[in-house]
Amino acid sequence: MKIEEFIALLEEEFDDDIKPGTLKPETGLDEEMELTSVNALILISMIKVEYDVTLNAKELNKCNTVNDLFKTVQKKL
Amino acid sequence: MAIYSTPNVRISGISACVPKNIKHNKDYTWISEKERKNLIKTIGVESKHHVKKGTATSDLCYVSADGLIKELDWDRSEIDLLIFVSQSRDYLLPATACILQERLGLSHTCVALDVNMGCSGYNYGMSVITSMMSNGGFRKALMLTGDVSSIGSHRDKTVFPLFGDAGTATAFEYKKGATDMHFNLQTDGKGYKAIIIPEGGFRSLPSNKSFKYKSYGKGIIRHRVHVSLDGIEVFNFSLREVAPNIKKLLKYTDQKIGEFDYVVFHQANYLMNNTIRRMLKIDEEKFPFSLKNYGNTSSASIPLTIVTQLKKEVETKKLSILMAGYGVGLSWGSNTVELDKITCPDIYIYEDYKEKYGINKI
């Protein structure tokens, strides 16, 4: 799994809020992606369907950036 | 392992009742417009019905049952068994089923009991009632399911936009040779705190402190007699457990998911249900939703979906249906059932029914 693919999936999933090509590994989840409770569910669902990886609230809260999230998923693959 | 079958019982009718008062999520100004739009899209709930103060789940179930008994033209004295499945009963005691036995004019030889289950309540209740009926001891029975969930905190965005109120009735009859129903029911009490009303029961009796509002994060203010919902925990639990549960059931019945005419899920929320649908590769047209106009109605959501989305089908055809419920407990399960030209009246509106026919109170 490459981070570019992961970012592309995120941009596709959140295409209402994120312009393609604007998401970077260092993008903050809270401020820039506005990861509200609802978006967190969308994210968890996407990761489950795409990678069969389950993220819990604790793991998600530890992630500050897109790269943190990518690494967390990668570890659980 | 709780995978088993109940023979000789058929479903004769299903009905549902909601209160008249409609709450639209577009008017939920407790959260920002952007968050509101995103929320509506994700949970799939545009509006839902909320009771007026003083109306209980048992009232909605009463109307569903009274209407269904009339439609079926059943003699009330022949109803031997009444099960009320709910987590919003009239009183801590007595059991609400006892009160409903009297209100519905059922006989004193009728067995009446409550089953205290929520999201998985329709599947659990059905397993209890059909198990009791299978050997012919009971000829006619009613299962009433539902909840009034709108009593949660209005200032809790994790709860208020999601839940609607409804009460349903399902009529069962003993019929030798009826197609078996098959069940796979499961429990994980470790997650009991994921959906909980922390105070007000016997573990922690209500006190003044119980009603003190507290903030649990942005847009989440409630007190300890309000329901609290850990969305991510429940979401992950459902994505983890529901699909394998169904796969095990289908292995037991030796069926493929594509063989069913419809797959009716508890209406948890759109994203959750649709994700599980994708995991199981269920066709969209076989997977009805009632979330849009009714919200998550707890143990009423499966029969409510049948009444509002499949009425014509169930009235005129013989259908093979797979059902699944999952949530509070944590408790979950799936079952197969055949619906063969059942009675399925249009959804009842509580206040309209009350005005037209009157309702018994005791």
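Structure first, text after, so check above.
Criteria and thresholds
Residues numbered from 1 in each chain as written. Chains lettered and ligands numbered in written order. Predicted model: local features only at pLDDT ≥ 70, side-chain atom pairs only at ≥ 80, totals over all residues. Helix = DSSP H or I, 4+ residues; strand = E, 2+ residues; numbered from the N terminus. Contact = placed C-beta atoms within 7 Å. Nonpolar A, V, L, I, M, F, W, Y, C, P; charged D, E, K, R; others polar. Pairing = 2+ DSSP bridges. Axes fitted to C-alpha atoms, helices over the stretch in contact; angles between N-to-C directions.

Glancing now at unusual backbone geometry. Residues and elements named next belong to chain B. A cis amide bond links Leu-93 to the next residue, Pro-94, at an omega of 5°. Of note in this structure, Asp-73 is not a glycine but carries a positive phi near 60°. Along the chain, Asp-73 falls in the loop between helix H2 (57–72) and strand E5 (79–85). Of note, the phi angle at Lys-341 is positive, near 45°, even though the residue is not glycine. By the secondary structure assignment, Lys-341 is in the loop between strand E16 (331–340) and strand E17 (348–349).

On to the interface of chain A and chain B, then. Facing the 14 residues of chain A at the interface are 16 residues of chain B. Among the residues forming the side of chain A that touches chain B, the class breakdown is seven nonpolar, six polar and one charged.

In this section: the sheet that holds strand E1 (residues 3–6) of chain B. All names here are of chain B. Pairing is mixed in the open sheet, where five strands are placed in the order E1-E9-E16-E15-E14. Each having just a single partner strand, E1 and strand E14 (262–265) make up the two edges of the open sheet. Looking at each pair of strands side by side, their axes are set apart by 20° on average, direction ignored. In terms of strand pairing, E1 meets strand E9 (residues 181–187) through four bridges, oriented antiparallel. Across the sheet, the residue bridging to Thr-6 is Met-181, located in E9.

All names here are of chain B. In spatial order, the strands read E6-E5-E7-E8-E2-E17; together these six strands make up an open sheet with mixed pairing. If you trace the sheet from one side to the other, it starts and ends with strand E6 (111–115) and E17, each paired once. Judged from the two bridges that link them, strand E2 (residues 9–18) and E17 form a sheet pairing that is parallel. By the bridge assignment, Val-18 is partnered in E17 with Ile-349. Where helix H8 (residues 301–309) meets the sheet, it contacts E2, strand E7 (140–147) and strand E8 (166–174), and its direction lies at approximately 85° from that of E2.

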